[in-house]
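Chain by chain, the residues run as shown.
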Amino acid sequence: MNRTERRTTPSARPQFWRVALRTCVIAGSTNLLFLLIFLAVGSPILAWVSVGSMTVYAIAYWAIRQRKNKLGVGLIWSEVVIHAALGILLIGWGSGFHYYLLVFIPALAVTLKRSKAIAALLVLWVLYTGLFVMSELIPPLQPLVSRAALDGVNLFNLTVVFAMFSYLALFYIETVIEGQRALRKLASTDMLTGLKNRRHMTEVGEAEISRAERFAMPLSVLLIDADHFKLINDIFSHQKGDEVLCCLTKLLRTELRQHDVIGRWGGEEFLVLLPNTTLENAQLLAERIRGTVKDFRWQELLKDELAVSISIGVTQLLPNETLNRLINRADKALHSSKANGRNRVTAVAA
Ligand SMILES: Nc1nc2c(ncn2[C@@H]2O[C@H](COP(=O)(O)OP(=O)(O)OP(=O)(O)O)[C@@H](O)[C@H]2O)c(=O)[nH]1
């Protein structure tokens, strides 16, 4: 996935706007505290600025809820820049209002394309250093009553920005983990049936073999194949064929226990791993599944008298056997079922 795709991933967008809404609430509440602080330390202009800021965040919140996203984000950013500049101009660099501008660094880097992000970060740097130079050249227009009051404001701003960075970092890592989880699911799932795909079944199969050997438990497998599936596609359409596969999936799932593992092994072929199951019990289960599929009311789906049936090959893991050999034997058993007329179960021990 390249950088452009990452920045436009649709699933990341709702989360971004959720963060923007939360930012409005947190920043609005912070400005309420500012109002009280500046009334207490005798800076009425900054107290009024806080009232203005609360109004701006309320409008930005409304705008984002109304999906007027550009307006919302524009308001948030303008407020931060103007508030920082006014704070520094009125009570000086020591107030720490410039810390808020630093929050733009991850926000710009994560949301913009690389070239735009670099340009925006450069503008931010010029703005930040420009404010510092301004504070060096122009003494505070309305200094606070004492150094302690200024340090208090600085500490407050530092704490808020610290919390904002922590929140952003946690949000970022959560988004990454969520994305990884979604990708892992996509890579291991068959899109049509929602079952585990062949790649994942191979991994699970190998893990089940190790487990069976470690705990000296039996492990059986079923290889299930829909009969004359090409005919179903040809007569009823490929789409109906897909519906039949999904319906088969549901039927198979209902017959299995919670710790049995089912996956789509090929086009119309399913693999079932049956931990802690002997060949005899696996054969009984296979017969039950075959009967369930045969007896299902296929007429309702196909609007035809033709019924869908399945053939099954059953076998049990032998000592020191690989997954490949185990499945090859199940495949041979499946072929016997096909060769002997289909709609049947064949079990082979070795
Ligand atoms: N609708 C649909 N068809 C699929 C899918 N995957 C494979 N198939 C079809 O399944 C059919 C399998 O045909 P064959 O391998 O000849 O087997 P069959 O017709 O089931 O015959 P037997 O297995 O011998 O009973 C092919 O026509 C494939 O195109 C799928 O995802 N959807």
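Residues numbered from 1 in each chain as written. Predicted model: local features only at pLDDT ≥ 70, side-chain atom pairs only at ≥ 80, totals over all residues. Heavy atoms only, no water.

**Observations concerning the pairing of strand β2 (residues 261-264)**
Side chains of β2 alternate between two faces, with Val 261 and Gly 263 and Ile 262 and Arg 264 buried alike. When β2 meets strand β3 (residues 269-275), the two strands line up antiparallel, connected through four bridges. Considered in β3, the bridge of Val 261 is made with Leu 273. Linkage of β2 to β3, two consecutive antiparallel strands, is achieved through a turn of four residues. (Buried < 20%, exposed > 50% of the residue type's maximum accessible area, 1.4 Å probe, protein only. Helix = DSSP H or I, 4+ residues; strand = E, 2+ residues; numbered from the N terminus. Pairing = 2+ DSSP bridges.)

**Things to note about the site of the ligand**
If you check the shell around the ligand, you find 17 residues, and the closest are His 228, Phe 229, Asp 242, Arg 264 and Lys 338. Asn 233 has a polar side-chain atom sitting 2.9 Å from a nitrogen atom of the ligand. With respect to the ligand, the side chain of Asp 242 contributes an N or O atom lying 2.6 Å from a nitrogen atom. When the ligand is considered free in solution it has 660 Å² of accessible area, and contact with the protein chains removes 67% of it. Broken down by secondary-structure element, the contributors of at least two residues to the shell around the ligand are β1 (219-226), α10 (229-236) and α11 (238-255). (Near = heavy atom within 4 Å. Polar contact = N/O pair within 3.5 Å; in protein donor to acceptor, adjacent residues only side chain to side chain. Areas by Shrake-Rupley, 256 points an atom, 1.4 Å probe, with all protein chains shown as cover.)

**What about the UniProt feature "domain: GGDEF" (unreviewed entry) in the chain?**
This chain's UniProt record puts "domain: GGDEF" (unreviewed entry) on residues 217-350. As a span, residues 217-350 carries 49% helix and 22% strand, and end to end its C-alpha atoms are 17 Å apart. (UniProt positions renumbered as here; feature names shortened; annotations may be inferred.)

**A word on the sheet that holds β3**
The mixed open sheet is built from five strands, whose spatial order is β2-β3-β1-β4-β5. The open sheet has two edge strands with one neighbour each: β2 and β5 (345-348). Across the sheet, the mean angle from the axis of one strand to that of its neighbour is 15°, orientation sign disregarded. Note that β1 and β3 share seven bridges and pair antiparallel. Within β3, the residue paired with Ser 220 across the bridge is Leu 274. Contacting β1, β3, β4 (310-316) and β5, helix α12 (residues 279-295) runs over the sheet at an angle of about 170° to β4. (Axes fitted to C-alpha atoms, helices over the stretch in contact; angles between N-to-C directions. Contact = heavy atoms within 4.5 Å.)

**Some words on the UniProt feature "transmembrane region" (unreviewed entry) in the chain**
Feature annotation in UniProt places "transmembrane region" (unreviewed entry) on residues 20-39, 45-64, 71-91, 97-112, 117-135 and 155-177, given in this structure's numbering. Overall, residues 20-39 shows 100% helix and 0% strand. The separation of its end C-alpha atoms is 28 Å. Taken end to end, residues 45-64 is 100% helix and 0% strand, and its first and last C-alpha atoms sit 28 Å apart.

**A few points about the environment of Val 345**
With respect to the secondary-structure elements, Val 345 resides in strand β5. Once you skip the residues sitting within four places of it in the chain, Val 345 turns out to touch Gln 283, Ala 286, Glu 287, Arg 290, Ile 312, Val 314 and Ser 337.

**Digging into the nonpolar core**
Phe 38, Ile 91, Phe 97 and Leu 101 are the most contacted members of the largest nonpolar core, which totals 39 residues. Those elements giving two or more residues to this core turn out to be α2 (12-40), α3 (44-65), α4 (69-91), α5 (99-102), α6 (104-111), α7 (114-137) and α8 (147-188). At eight residues, α2 tops the list of elements feeding residues into this core. Ile 262, Phe 270, Val 293 and Val 314 belong to the second largest nonpolar core, which has 32 residues in total. (Core = buried A, V, L, I, M, F, W, Y, C linked by side-chain atoms within 4.5 Å.)

**Observations regarding the confidence of the model for the chain**
Scored by pLDDT, the chain comes out at a mean of 92, with 96% of its residues at no less than 70. Per-residue pLDDT stays below 50 along residues 1-12; that stretch engages in twelve contacts with residues further than four places along the chain or on separate chains. In the predicted assembly, ipTM is 0.96 and pTM is 0.70. (pLDDT = per-residue confidence, 0-100.)

**Details of the packing of α3 against α4**
Relative to each other, α3 and α4 sit at 170°, their axes nearing to 8 Å. When the axes of α3 and α4 are compared, the pair comes out roughly antiparallel. On α4, the residues that touch Ile 45, Leu 46, Val 49, Ser 50, Ser 53, Val 56, Tyr 57, Ile 59, Ala 60, Ala 63 and Ile 64 of α3 are Asn 69, Leu 71, Gly 72, Leu 75, Ile 76, Glu 79, Val 80, His 83, Leu 86, Gly 87, Leu 90 and Ile 91. Within the contact of α3 with α4, the residues separate by chemical class into 16 nonpolar, six polar and one charged. (Parallel < 35°, antiparallel > 145°, perpendicular 65-115°, else oblique. Nonpolar A, V, L, I, M, F, W, Y, C, P; charged D, E, K, R; others polar.)

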